[in-house]
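# Breakdown of the fold
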Amino acid sequence: MTKGTKMSNEVENYPPSVRDYVRQHFASEDEALRGIGPAATAAGLPSISIGPEEGRYLQLTAEAIGARRALEIGTLGGYSGVWIARGLAPGGLLVTIEMDPRHADVARRSFERAGVADRTDIRVGRALEVLPSLESEPRFDLVFIDADKTEYPDYLDWALRLTRPGSVIAAHNVFRRGQVVAPSDDPQVEATREFNRRIAADPRLESTLLPLRDGMSFSVVRAG
Ligand code: SAH
Ligand code: MG
């Protein structure tokens, strides 16, 4: 770790100076956000969270659509969750799914320190086992996908089932360090390619990929 703000070893598609410029002017972290990386590392969690500029993107997306209910698949230490929770409309709720109870414990503390414990609900379990239980709940306005890459196409099916026209679906790591356009047969890369193909072609979605760090997708669920 070279800087307090460095949260991950993921590739970036722009120079560190530009990244820092964006972070400094548009995505500054408060004490609570700054503390999550070190707390997660101390607890033995991997440094694979989103970066501040990606967090800001998620927060502003939530604000722009007036999101009240958000769903996250892959909580880790709660870093992305804090950004999303802070973008929710008053009375909003972030439901976030995490299979590792140790990660969930760290996230719970992160949410408390960030003052969003009252608007977050961590569901511990494997995503594909937890997602069916959400069908009986109100639809989600925003879904952020960031768990097992090989399951991205399945998460997309669930995201479509659990959203409504106008909802936004975002997914992390959609470039796989550029391997999505390389001759890789890694199952994670193949599943990410399938996810990208589907969000591009599915008539229920309008989508793009943003070159934020390792690639972030943005899809709007269409009306009708
Ligand atoms: N969104 C987080 C980072 C998530 S890292 C952030 O930016 O702060 C991916 C997380 O997904 C890890 O904590 C991992 O334990 C969890 N995960 C992986 N596979 C999963 C699965 N099948 N179901 C639920 N959680 C899973
Ligand atoms: Mg990720």
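In case you missed it, the structure is sitting above this.
Residues numbered from 1 in each chain as written. Chains lettered and ligands numbered in written order. Predicted model: local features only at pLDDT ≥ 70, side-chain atom pairs only at ≥ 80, totals over all residues. Heavy atoms only, no water.

### Quick word on the packing of aromatic side chains
We apply this condition: Each Phe, Tyr or Trp ring, with Trp reduced to its six-membered ring, pairs with another whose centre is within 6.5 Å; inter-plane angles below 30 degrees give stacked pairs, above 60 give edge-to-face pairs, and intermediate values give tilted ones. The numbering of helices and of strands both runs from the N terminus, where a helix is a DSSP run of H or I of at least 4 residues and a strand a run of E of at least 2. Here, over-ring charges are defined by two tests on the NZ atom of lysine or the CZ atom of arginine: distance to the ring centre within 6 Å, and angle to the ring normal within 35 degrees.
Using the criterion set out here, one finds 4 aromatic pairs in the structure. Ring geometry for Tyr152 and Phe195: centres 5.4 Å apart, planes at 70°, overall edge-to-face. Residue Tyr152 is found in helix α7 (residues 152-162), and its partner Phe195 is found in helix α8 (residues 187-201); the two are separated by 43 residues along the sequence. Aromatic rings pair up to connect Tyr152, Tyr155 and Phe195 into one cluster. Over the ring of Phe140 we find Arg69, and its NZ or CZ is 4.4 Å from the ring centre. Between the NZ or CZ atom of Arg161 and the centre of the ring of Trp158, over which it lies, the distance is 4.2 Å.

### Notes on the side chain of Thr163
Note the threshold: Contacts described as polar in this section are N or O atom pairs within 3.5 Å, which, within protein, must combine one atom able to donate a hydrogen with one able to accept it, while residues neighboring in sequence count only if both atoms come from side chains.
Mapped onto the elements of the fold, Thr163 is located in strand β5 (residues 163-171). Looking at Thr163, its side chain comes within polar contact range of the main-chain oxygen of Ala159, at 2.7 Å.

### As for the site of ligand 1
Applicable threshold: Note on definitions. A residue lies near a molecule or strand when any single heavy atom of the residue is within 4 Å of it. Exposure was quantified through the Shrake-Rupley algorithm and a 1.4 Å probe, taking into account, for residues, occlusion by the shown protein chains and nothing else.
Among the 21 residues in the neighbourhood of ligand 1, the closest are listed as Ile50, Glu98, His103, Ala127 and Asp146. His103 is positioned such that a nitrogen or oxygen atom in its side chain is 2.8 Å from an oxygen atom of ligand 1. Within the complex, the protein chains bury 93% of what would otherwise be the 580 Å² of accessible surface of ligand 1.

### Quick notes on the coordination of the magnesium ion (ligand 2)
This is how the line gets drawn: Note that water is not among the atoms considered, so a metal site may appear incomplete; the donors listed are N, O and S atoms within 2.8 Å of the metal, with 3.2 Å applied to Na, K and Ca. Burial classification: accessible surface area is computed with a 1.4 Å probe over protein chains only, and a residue below 20% of its type maximum counts as buried, one above 50% as exposed, and the rest as partly exposed.
Within the protein, the atoms that donate to the magnesium ion (ligand 2) are Asp146 (OD), His172 (ND1) and Asn173 (OD1), at distances of 2.1 to 2.2 Å. Taking relative accessible area as the criterion, His172 reaches 0% and is therefore assigned buried.

### Looking at the environment of Gln59
Here is the rule we go by: Contacts between residues were defined by any pair of non-hydrogen atoms, one from each residue, lying within 4.5 Å.
Here Gln59 lies in helix α3 (residues 52-64). With residues up to four places along the chain from it excluded, the contact list for Gln59 reads Trp83, Arg86 and Gly87. A distance of 3.3 Å separates the side chain of Gln59 from the side chain of Arg56, its partner in a polar contact.

In short, the description is geometric, and any link to function would need to be established separately.
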